[in-house]
Structure formats: C-alpha cells, structure tokens
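Observations on the three-dimensional arrangement
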Amino acid sequence: MRRLTVDGGAFRLDGEEFRVLSGALHYFRVMPGQWQHRLRMLRAMGLNTVETYVPWNLHEPRVGEFRGLDELAAFLDAAAEEDLLAIVRPGPYICAEWDNGGLPSWLTAELGLRVRTRDAAYLSHVERFFDEVIPLVVERQVTRGGNVIMVQVENEYGSYGSDAVYLRRLADDLVARGIDVPLFTSDGADDFYLTGGTVPGVLATVNFGSDPEAAFAALREHRPGDPLMCMEFWCGWFDHWGHEHVTRDAADAADCLERILAAGASVNLYMAHGGTSFGTGAGANREGELARGEYRATVTSYDYGAPIDERGAPTEKFWRFREILSRYNPSPPEVPEPPPALPPSVLPLEESVPLFDVLDDVAGPAVTSALPPSFEDLGLVHGLVLYQVEVPGPRRPYRLRVGGVHDRAHLYVDGELAAVLERDGEEPLLEVPGPATLELLVESMGRTNYGPALGERKGLLEPPLHDRQYLHGVTARPIPLQELPALPYEAGVGARVPAFFRGTLDVTGPADGFLALPGWGKGYVWVNGFLLGRYWDRGPQRTLYVPWPLLRAGANEVVILELDRAGSPELQLRPQPDPG
C-alpha cells in the first residue's frame, strides 16, 4: 500500500519526493451534488490534495445522536475519484469561522472552560465522537488503499491553551483508533504559538497570510527536521455583519504563493473554495488582542475571496494561482465550466402570517423558571426564544434595564414594540409603569469560534431590572428555525412583523442564483424547506446564494422570516452576488 513519509526534511510518497499542493474545501459548506465540480476545479487549478475540517456540532447536535457522517465518507470517496489526495482535520475544535469552533453547544454549556483540556469528562465526549468519525478516516488512508495522507491533531491550539497532556492524549487516541498516516498540528508562526501548540513526534505546520520567509524561519527554528508546510495560506478573508467587505488583491496573494513554493514548501490554500455557511452555521469573533472585545457575527457567505468563488467559478486569483502551480504540478486538466446561472427575475411574495399567530406551530413548550433559561437550557442550538415576564403593580414608571442579551432582542411592552436591543449596543432609556407584561423575542447569531470567549451561551442571560429590582418568574418558548412546519398562510403580505412571507420561484430547470431582498430588514430564508441562512440590511452581504441542487423545474417555495421591517412584496433573483 501507499505511504507518505518524512525523510531529510521532505515529504516522500511511495519513496518519491512529494510536494503537498492542497486546497481547503469543506464538504459541509457545499451541496453534495456540487462536490464533483468543485473538486475538479481544484485539480484544474493545479492542486493534488483537498483538505477539510469535520465539524463535531454538525454531526452530534445532541449528546449521543450522530448524523451526516456518511457525507464525510462520501466526500473523501468523491475526492479519490477525482484523483485528489486528502487531508482531514477532525478537531475536536476546528475554528473555521464555524459556530462555536465546531464544538457542540451542549458540550460547552456543560463543561465551560474545561473543554480543550485534559479534563476527563471532556475527553470522554471527544472519544465518543472519535469512535464514530475516525473509523471512516482510517479505512480511507493511503495505507489502506484510500486517499487520506495526513490527519490533524486539534487545531491552532497554540492560540488557546498550554495543556500538553491534552494534545498528547489526542494524538495517542488517533493512533489507537488506527491512524497511521502522519499526524500534524497547525499554529501561527510565532514562538508563542509553536511552543504551546505542538506535540513531540507530531509534525508541526504553520498558518499565515504573508511574509512566508519569516514564518518558515520560525518553523525551522522549532522543528529543523520537519518538512516546511503552510497548512493555512490565507489567500482571502471572511466578513462580519455591519463591517466592510474584506478583499485581497490577486497579485499580492499570488506573489505570496510563489514565495511559499520557491522556499521548497508544501501548501494548503485556505480557502481554495469557501462555499456557504448554510443555515445557522456561521460563527463569530471578538475583537481585541485578547479576543474578548466587541462581538462580531460572521455573515452567511463564506466566499472568502477564494480563487474559486461561492458558486464555483474561477476568479482572477484562480488563473494567477494556476499559472504558478503548473510549474510544480505540470499539465493540469481543463477548467470545467461553471454551472448555469438563472436569468434575472422578480419573485413576488403572495402570502404571509404573523409569527405570534403561529407560535403553537413553530415553538416548543413553554418553560417557566425564576431566571430566564438560556438557549442551551432549552435544548436549542440557534433560532429564537420568546421570553415573558410580568412587572408587578400598580406602581409608577421606573427605569427598565435589560442586560445580557445574546445577541439581539425585540422588546414588547403590553404587546407593543418598545425597543430593539443589541449585544454591545447602547441601552435605551425606557420607563415602564406596573403592572405590565414584557416580552423579549431574542435571536441568536453565531457563537464565538476563536479565543477565550469560546463556549458562550445564547439567549437572555440575566433577568430584566425594574429600577434596581430583578423581575423573576420568566416564561420561555424556544422557536427552532432549522426546519419549518406547514403554516396557515393567508393571501396578502400585510402581516405585521415579525412574520413569515411566502412566494413561488418558477424556473425551467435547476441553475444557480443569488437572492436579493431590497428594502427588507433582517431575517432568514428557506428554499424548498432548506434554510439558506441569515440576511441583514446592515450588510456587507446583500445577496444569498441559491445553489442549483435546491431547485427543481417548475414551482419552488421560498419563505422568509422577517424580524424588523417588511420591504416591497417581491424579491429579486440575480445571476451574480453582491458581497458588499
């Protein structure tokens, strides 16, 4: 069988010197029907390997309930069919601008800062996850006739902790379950990261976006006998809601790639093709040197400014990279045509129903407790929770203070909208007399995926204050959004928001498109029952990608849940994205 080895500071595949030319493509950010095209695009760019993370929270959404792991297996098999080797990064933590860095919310709610350490309870959960996912990787290693050449231990641990016992345990757990291809770690290129995130006997790689010479010098200093490899060459970047769209000049990225390869190094383009954080998969970040500052939620698109764009088309960066890579991997195959795009059209919305009129259809049972339960307490990963609490009375008006909103809330006083509250936002000056009924419709955005704030809870994290007095006795109703039940829509779109609106998209056949919602505020979009993701007029993202596998010839149902403000009763389908 085949084997990747290290000899004299270089990779060898079956005894021959080998340079890993890899590109990141996450199977969970691309529809399965599109994998073949995207993998062929990687080959056409000149790559010989594909890399993917494995998000634990996607595959074990509730303790002991596994789903979707067959997609990982199918993706690795699809890569093998396209003559691509594979690098697998199973976590347990992945970052990836993915919700909670891939850790399940039930796990971080239970263990807090005990995650990513040698803690016995945490490791027991990790090992249960490994027992499910690692056998799928083991049987697909090159040593067993498959295409997996490397497997990662944790992810950028040097940016987080210093528990060397934990890292050693993970490496041993992977070997004990049959991993016999090279294990590796990946970290920033500074001394700080490389001393904290590496494991003796496990290959070390570095992540960076520029200055490859300095990065490789740092790696050589710490690991003189390891092959040079940039496991994440950040050739683009991601966006946050309410902030500028980030771009990277193609010539600048190409120059850095050329210098990486001129140094004799292997490389993994992060991302080669970013795809989309469908549903509520997008994560969030915290600003500041210690990543504890302002909260910034990541947008739905994960285009990343990658050489292969969100719908799989080549960009200027693709052609520049292809020219460079062809010097190291000659005669790449022809570039496949991108899938067809739908022509511009208007999608009229014809029906609607207020959210509060269908609570019994969309919400779980009410829970009442002294303090407001979090999303995690309610078993809700993401979505909405409607909290209700009474202001006692009669009493004169007092200042109402609502803190601990994670992440956004519509506050109603006796059924009337009084304020929209945001995490890190200014608290409005509100005076409310008693008796009164307060309702807070709280929406979660992505969980922080990097740094010490990992594992945050969602919802209303403390009871409201009436003057200096906590309001106790809170009722909460969870509203999951991943799957929508049939709803009693009525003709017309005059429903008072928050409300569901429905229309029909007629197409002659499946093709790609981008959905724009001009004039609408903030909410969610479903196409034929599949949750595309979040939209927000705050930008920068102005369109949502509609991949062709979701559509069928004829009528297609489009539903939006608008929380803030209804626009004109029609949406726009466009052939091109508007990233901001």
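As shown above, the structure is provided for reference.
Here is a short report on the structure shown in this document.

Basis of the calculations
Residues numbered from 1 in each chain as written. Predicted model: local features only at pLDDT ≥ 70, side-chain atom pairs only at ≥ 80, totals over all residues. Heavy atoms only, no water. Helix = DSSP H or I, 4+ residues; strand = E, 2+ residues; numbered from the N terminus. Rg over C-alpha atoms; globule rule 2.2 N^0.38 Å. Buried < 20%, exposed > 50% of the residue type's maximum accessible area, 1.4 Å probe, protein only. Core = buried A, V, L, I, M, F, W, Y, C linked by side-chain atoms within 4.5 Å. Contact = heavy atoms within 4.5 Å. Pairing = 2+ DSSP bridges. Axes fitted to C-alpha atoms, helices over the stretch in contact; angles between N-to-C directions. Salt bridge = Lys/Arg side-chain N within 4 Å of Asp/Glu carboxyl O. Phe/Tyr/Trp six-rings, centres within 6.5 Å; stacked < 30°, edge-to-face > 60°. Lys NZ or Arg CZ within 6 Å of the ring centre and 35° of its normal. Polar contact = N/O pair within 3.5 Å; in protein donor to acceptor, adjacent residues only side chain to side chain. Bend = angle between axes of the 7 residues up to and from the residue.

**Observations concerning the overall build of the protein**
When helices and strands are tallied, the protein shows eleven helices and 32 strands. Taking 25 Å as the expected radius of gyration for a compact globule of 580 residues, we find that the protein reaches 25 Å, a close match to that expectation. Overall, the C-alpha framework of the protein stretches about 85 × 55 × 40 Å when taken along its three principal axes. Within the protein, the fraction of its 580 residues that count as buried is 59%.

**What about the nonpolar core?**
Counting residues in hydrophobic clusters, the biggest one holds 110 residues, and the most contacted among them are Tyr 122, Met 150, Phe 233 and Phe 321. No other element matches the ten residues that helix H5 (residues 120–138) contributes to this core. Residues in contact with Tyr 122, not counting those within four places in the same chain, are Trp 56, Pro 92, Leu 103, Leu 107, Leu 111, Arg 114, Val 115, Arg 116, Thr 117 and Tyr 166.

**So, the sheet that holds strand E6 (residues 85–89)**
Ordered in space as E4-E5-E6-E7-E8-E9-E10-E11, the eight strands form a closed barrel in which the pairing is parallel. Looking at each pair of strands side by side, their axes are set apart by 30 degrees on average, direction ignored. Where strand E9 (residues 203–208) lies against strand E10 (residues 229–234), three bridges are found, and the strand directions are parallel. Each bridged residue has a counterpart across the sheet, and for Asn 207 the counterpart in E10 is Glu 232. Lying over the sheet, helix H3 (residues 69–81) contacts strand E4 (21–25), strand E5 (49–53), E6 and strand E7 (148–152), oriented at roughly 170 degrees with respect to E5.

**Observations concerning the pairing of strand E27 (residues 513–516)**
Side chains of E27 alternate between two faces, with Gly 513 and Leu 515 and Phe 514 and Ala 516 buried alike. Inspection of the sheet shows E27 paired to strand E30 (residues 543–546) by four bridges, in the antiparallel sense. Directly across from Phe 514, in E30, lies its bridge partner Tyr 545. Sheet analysis places E27 next to strand E32 (residues 570–574), joined by three bridges and oriented antiparallel. Paired with Ala 516 across the two strands is Gln 572, which belongs to E32.

**Some points on the pattern of salt bridges**
Pairs can form between side chains of opposite charge whenever their charged atoms are close. Inspection of every chain in the model, using the stated rule, returns 45 salt bridges. Across the pair Glu 422 and Arg 408 runs a salt bridge, and its minimum N-O distance is 3.1 Å. Residue Glu 422 is found in strand E19 (residues 416–422), and its partner Arg 408 is found in strand E18 (residues 408–413); the two are separated by 14 residues along the sequence. Judged by its relative accessible area of 6%, Arg 408 falls in the buried class. The shortest N-O distance in the salt bridge between Glu 422 and Arg 538 comes to 2.7 Å. With Glu 422 in strand E19 and Arg 538 in the loop between strand E29 (530–536) and E30, this residue pair connects regions lying 116 residues apart in the sequence. With a relative accessible area of 26%, Glu 422 lands in the partly exposed category. A relative accessible area of 38% places Arg 538 in the partly exposed class. Overlapping salt bridges, with partners in common, bring together Glu 127, Asp 131, Arg 169, Asp 173 and Arg 177 in one network.

**With respect to helix H1 (residues 35–45)**
In terms of residue burial, H1 counts as a mostly covered element, since eight of its eleven residues are buried. Considered for burial, the residues of H1 that qualify are Trp 35, His 37, Arg 38, Leu 39, Met 41, Leu 42, Ala 44 and Met 45. Summarising the contacts, the buried residues of H1 are in contact with E4, E5, H3, strand E11 (266–273), helix H10 (316–325) and E30. Trailing H1 by a residue or two, Gly 46 shows a phi angle of about 110 degrees, which is positive.

**A closer look at the packing of aromatic side chains**
The final tally for this structure, using the stated rule, is 28 aromatic pairs. Ring geometry for Tyr 27 versus Phe 75: centroids 5.9 Å apart, planes at 35 degrees, classification tilted. On the criterion of sequence distance, the pair formed by Tyr 27 in the loop between E4 and H1 and Phe 75 in helix H3 is long-range, its members being 48 residues apart. Between the aromatic rings of Phe 233 and Phe 321, the centroid separation amounts to 6.5 Å while the plane-to-plane angle is 35 degrees, which identifies the pairing as tilted. Taken as a pair, Phe 233 in strand E10 and Phe 321 in helix H10 lie far apart in primary sequence, 88 residues in all. Like Phe 321, Phe 233 is buried. Through a chain of ring-to-ring contacts, three or more aromatic side chains come together here, namely Tyr 53, Trp 234, Trp 237, Phe 238, Tyr 270, Tyr 302 and Tyr 304. Cation over ring: Arg 423 sits above Tyr 295, and NZ or CZ is 4.0 Å from the ring centre. Geometry around Trp 536 places Lys 522 over its ring, the cationic atom sitting 4.6 Å from the centre.

**Here's the deal with the side chain of Gln 34**
Tracing the backbone through its elements, the reader meets Gln 34 in the loop between E4 and H1. Side-chain polar atoms of Gln 34 contact the side chain of Tyr 545, separated by 2.9 Å. Beyond its immediate stretch of four places on either side in the chain, Gln 34 contacts Asp 512, Tyr 545, Pro 547, Trp 548 and Pro 549.

**Focus: H5**
Taking the largest bend as the criterion, H5 deviates by roughly 35 degrees, centred on Asp 131, and proline Pro 135 comes between one and four positions later. The elements touched by buried residues of H5 are helix H2 (56–59), H3, E6, helix H4 (105–111), E7 and helix H6 (164–176). Looking at where H5 begins, the residue whose side-chain oxygen comes 3.1 Å from the main-chain nitrogen of Ala 121 is Asp 119.

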